[in-house]
Amino acid sequence: MIDLAFFVTAFTTLFVVIDPFGTAPIFVALTQEMDQATRRKTAFRTCLTASGILIAFAAFGEAVLGFVGISMEAFKVAGGALLFLTALDMLFERRTKRREDRAEEEEHPDPSVFPLAIPLVAGPGSIATIILLSGQHPGFQGTVAAVVVMLAVMAVVLLFFLSGGLIARILGKTGLNVLTRLLGMLLAALSVQFILDGLKAFGFAS
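Treat the numbers as computed from the prediction; the structure is a model and nothing was measured.

> Explain the overall build of the protein to me, please; I cannot follow it from the model alone.
Regarding its fold elements, the protein presents 10 helices and zero strands. The helix and strand sequence of the protein, counted from the amino end, reads α-α-α-α-α-α-α-α-α-α. Across the 206 residues of the protein, 42% fall into the buried class. Partitioning the contacts of the protein with sequence separation of at least 6, the portion at a separation of at least 24 is 85%.

So, in structure tokens, the structure goes:
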């Protein structure tokens, strides 16, 4: 029987790993030129995509990566590299320049799958966490418990994302530009940390 302590501990752990407080400003920065309706759709699409990914890993765990011959360490390195590219875009406004060269219908690329759903929400940390949580109670019951906790955390993430419009209005265009640069730096550092964690497991970094 799974006790309440598991749910409290699991929720706290996954909440800290996903970090809605840190992810929400990034969501705002990546959707700052969208209208409210589009931003809302992006928020729901991001959370649904991330939830689907985490449910798959909760159900099948390391077998998902093992099936295609990918270790969790290699996944961390790949996720870190992709995240670093996003950080460069945020730092040097490459996304803005690309939008100016595209047709109007392509002016606002959809960031819901990448980089929001993966690797920012369903990244190496949250994937590894959901695998560990589901493994604490082997079997169907443990998987369901881990999924319930994950969905609760994802509901909080969605709430933060839906408040993005309010955050954008408070900060204004100048504030968002400054925030985008700062978050770009933080994302760059986070991506390097992902890469170092992966390399450390392979013995390439101390």
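Anyway, onward from the coordinates.
> Help me out: how do you make sense of unusual backbone geometry in this one?
Glycine aside, the phi torsion of most residues is negative, and most peptide linkages are trans. Cis geometry marks the peptide bond from F114 to P115, where omega comes out at 10°. Examined against the element boundaries, P115 turns out to sit in helix α7 (residues 112-121). In this chain, I118 is followed by P119 through a cis amide linkage whose omega measures 15°. Counting through the fold element by element, P119 comes out in helix α7. Although it is not a glycine, D19 sits at a positive phi angle of roughly 55°. Within the element layout of this structure, D19 appears in the loop between α1 (4-18) and α2 (20-30). Of the residues examined, D19 reaches a relative accessible area of 34% and is grouped as partly exposed.

> Sorry if this is basic, but what is going on with the environment of I53 here?
Mapped onto the elements, I53 comes out in helix α3 (residues 36-60). A C-alpha to C-alpha distance of 6.8 Å links I53 and A122, two positions 69 residues apart in sequence. Not counting the four nearest positions on each side in its chain, I53 is found in contact with I118, A122 and I127.

> Would you explain a nonpolar patch on the surface in this entry?
On the surface, a cluster of nonpolar side chains totalling about 340 Å² of accessible area is made up of L82, L85, V113 and F114. Elements supplying a minimum of two residues to the nonpolar patch: α5 (72-92) and α7. Looking at the secondary structure, you find F114 in helix α7.

> Please clarify how the pattern of salt bridges should be interpreted in this entry.
Oppositely charged side chains can pair when the atoms bearing their charge come close. Within the structure shown, the criterion is met by one salt bridge. A salt bridge links D110 to R45; the shortest N-O distance between them is 3.2 Å. On the criterion of sequence distance, the pair formed by D110 in the loop between α6 (94-100) and α7 and R45 in helix α3 is long-range, its members being 65 residues apart. We classify D110 as partly exposed; its relative accessible area is 41%. Owing to a relative accessible area of 36%, R45 belongs among the partly exposed residues under this scheme.

> For this particular structure, what's the right way to read α1?
For an α-helix, the turn length of 3.6 residues means that residues three or four places apart are oriented alike. Taking 1.5 Å of rise per residue, 15 residues should cover 21 Å, and α1 covers 21 Å from first to last C-alpha, within 8% of that figure. Listed as buried for α1 are F6, A10, L14, F15 and I18. All buried residues of α1 lie within an arc of 150° about the axis, which places them on one face of the element. Projecting away from the buried face of α1 at angles above 90 degrees are the exposed residues L4 and V16. Considering only its buried residues, α1 is in contact with α2, α7, α8 (124-136) and α9 (140-162). Looking one or two residues beyond α1, the residue adopting positive phi is D19, at roughly 55°.

> How should I be thinking about the side chain of T46 in this particular structure?
Within the secondary structure, T46 is located in helix α3. Of the polar contacts made by the side chain of T46, one reaches the backbone oxygen of T42; its length is 2.7 Å. Apart from the residues lying within four places of it in its own chain, the contact partners of T46 are S112, L116, A117, V121 and F161.

Rules of the game
Residues numbered from 1 in each chain as written. Predicted model: local features only at pLDDT ≥ 70, side-chain atom pairs only at ≥ 80, totals over all residues. Heavy atoms only, no water. Helix = DSSP H or I, 4+ residues; strand = E, 2+ residues; numbered from the N terminus. Buried < 20%, exposed > 50% of the residue type's maximum accessible area, 1.4 Å probe, protein only. Contact = heavy atoms within 4.5 Å. Patch = residues over 30% accessible without salt bridge, like charges linked within 9 Å, V, L, I, M, F, W, Y side chains within 5 Å. Areas by Shrake-Rupley, 256 points an atom, 1.4 Å probe, with all protein chains shown as cover. Salt bridge = Lys/Arg side-chain N within 4 Å of Asp/Glu carboxyl O. Expected span 1.5 Å × (residues − 1). Arc of directions from axis to C-beta. Polar contact = N/O pair within 3.5 Å; in protein donor to acceptor, adjacent residues only side chain to side chain.

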